[in-house]
Amino acid sequence: MIKINILIATLINMATRLFKSILTWSPQSSVSRFLSVINQPDLLAIRKDLQKFEGGSVDLHTDEETGIAVMTLNNPEKRNSLTGKMMVDMADRVSQLEKWANGRGLIVLGTGGHFCSGGDLTFVQKALHYGGEMAAFQHDTLTRLHNLPLVSVALLQGHTLGGGAELSTACDFRVMSSTARIGFVQIKMGVTAGWGATTRLVHLLGRHKALGLLSSAKVFSAEEALGEGLVDHILPYSLAQSEELDECKKWLSSNYCAYDADLIQGVKSSVVYSELNPDINTSLKFEREVFTKFWGGPLQKAALAAKIKHK
Ligand SMILES: CCCC(=O)SCCNC(=O)CCNC(=O)[C@H](O)C(C)(C)COP(=O)(O)OP(=O)(O)OC[C@H]1O[C@@H](n2cnc3c(N)ncnc32)[C@H](O)[C@@H]1OP(=O)(O)O
């Protein structure tokens with residue numbers, strides 16, 4: 001009889017605990033718990049840890065004459081997937097670009113005919129305990145990349161997958177090789193976007209398309225990606241892969257980097273400021289400050305003297 005009483009009490013206790021946990025669980029509470037893991041990251045400490053995961057590099061070439069920089073992911077044997085060391089490299093290259101006074105534009109590409117196949121899966125295997133820290137580090141780097149006062153383009157050749165697709169959304173534009181493919185395949189790999197793509201895709205394409213891209217894991221051809229609005233330009237089929245960087249430079253220079261570096265940096269900074277400060281008066285104040293820097297200056301005087309017609 002005592003045994004039956006103990007059994008009933010245990011069952012009641014278990015049922016009560018289950019009922020309570022159902023009542024107190026909510027997506028919000030679990031999101032808050034998750035967010036507390038990545039709040040206030042110590043980026044220096046994370047950098048030291050990431051540096052230990054070796055392999056590959058991220059290189060930068062700045063051209064003072066054209067004002068176009070090229071940042072290259074260099075891990076071709078693994079389709080330019082990103083190791084911890086490459087993440088640190090990229091953070092440093094972005095810091096260099098933040099200080100580049102004469103810059104107008106930036107092209108990001110991969111070596112060996114592929115853009116980037118996401119996180120290096122060897123690194124991922126070793127860093128399974130480390131997701132929040134890595135995401136915080138990547139959020140910092142890719143947000144700084146996104147906000148550079150340069151017009152940036154991702155040149156998508158070969159495969160652009162997972163974190164690679166996320167990286168491409170940190171650029172202002174995406175130019176795609178006609179045979180290339182792009183997909184946010186994270187969900188297929190048992191995770192969600194960790195390098196900021198959800199936030200950037202919602203801004204870029206809206207909630208509906210962002211949800212479609214991220215929940216389907218669909219890998220798109222260049223034509224399909226153009227149709228989705230994910231890509232801005234497809235390079236001609238007739239070009240050899242080795243000619244595509246030059247063509248991309250021409251596309252960027254003639255469309256978005258044809259004018260004075262200070263003016264381009266002024267335009268891009270105003271756009272970024274306005275995105276980050278949606279309050280109209282604050283945004284207008286910044287726009288006025290940038291505008292008055294140029295008004296009455298040598299560039300305006302030269303343009304007026306040239307009597308330009310915009311036909
Ligand atoms: C935190 C970030 C979250 C994410 O990024 S989730 C997405 C992670 N990425 C992936 O799952 C990509 C898996 N790989 C693939 O689908 C294919 O390898 C890919 C990229 C379509 C290329 O296909 P193919 O051109 O046929 O070449 P392949 O498969 O023979 O690959 C060549 C060598 O590259 C390696 N590789 C490709 N992507 C990698 C990656 N992300 N991490 C580590 N190694 C990677 C691949 O294992 C192969 O190496 P090996 O020749 O077998 O030694």
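Residues numbered from 1 in each chain as written. Predicted model: local features only at pLDDT ≥ 70, side-chain atom pairs only at ≥ 80, totals over all residues. Heavy atoms only, no water.

Under an unreviewed UniProt entry, the name given to the protein is Ethylmalonyl-CoA decarboxylase, and the source organism is Lymnaea stagnalis. Turning to the protein, the UniProt record has this under Sequence similarities (unreviewed entry): "Belongs to the enoyl-CoA hydratase/isomerase family." Per its UniProt entry, the protein bears the Subcellular location (unreviewed entry) comment "Cytoplasm, Cytosol". (UniProt positions renumbered as here; feature names shortened; annotations may be inferred.)

Caption draft 1: Representation of the state of the cysteines within the structure. Within the structure shown, the criterion is met by 0 disulfides. Its sulfur unpaired, Cys 248 is 9.7 Å from the next cysteine sulfur, which belongs to Cys 171. Exposure remark for Cys 248: the relative accessible area of 0% places this residue in the buried category. Here Cys 257 is not cross-linked by a disulfide; its sulfur's nearest cysteine counterpart is in Cys 248, at 10 Å. (Disulfide = S-S within 2.5 Å. Buried < 20%, exposed > 50% of the residue type's maximum accessible area, 1.4 Å probe, protein only.)

Caption draft 2: Seen up close, the pattern of salt bridges. Under the criterion given, the structure shown has 10 salt bridges. Put simply, Lys 85 and Asp 89 hold a salt bridge, and the shortest N to O gap is 3.0 Å. Of this pair, Lys 85 and Asp 89 both sit in helix H4 (residues 84-98), separated by 4 residues, roughly a single helical turn. Under the relative-accessibility criterion, Lys 85 is labelled partly exposed at 22%. Owing to a relative accessible area of 9%, Asp 89 belongs among the buried residues under this scheme. The shortest N-O distance in the salt bridge between Lys 285 and Glu 289 comes to 3.1 Å. Taken together, the residues span about one helical turn, with Lys 285 and Glu 289 both in helix H13 (residues 280-294) at a distance of 4 residues. On the basis of relative accessible area, Lys 285 is assigned to the partly exposed category, the value being 47%. Overlapping salt bridges bring together Glu 98, Asp 140 and Arg 144 as one network. (Salt bridge = Lys/Arg side-chain N within 4 Å of Asp/Glu carboxyl O. Helix = DSSP H or I, 4+ residues; strand = E, 2+ residues; numbered from the N terminus.)

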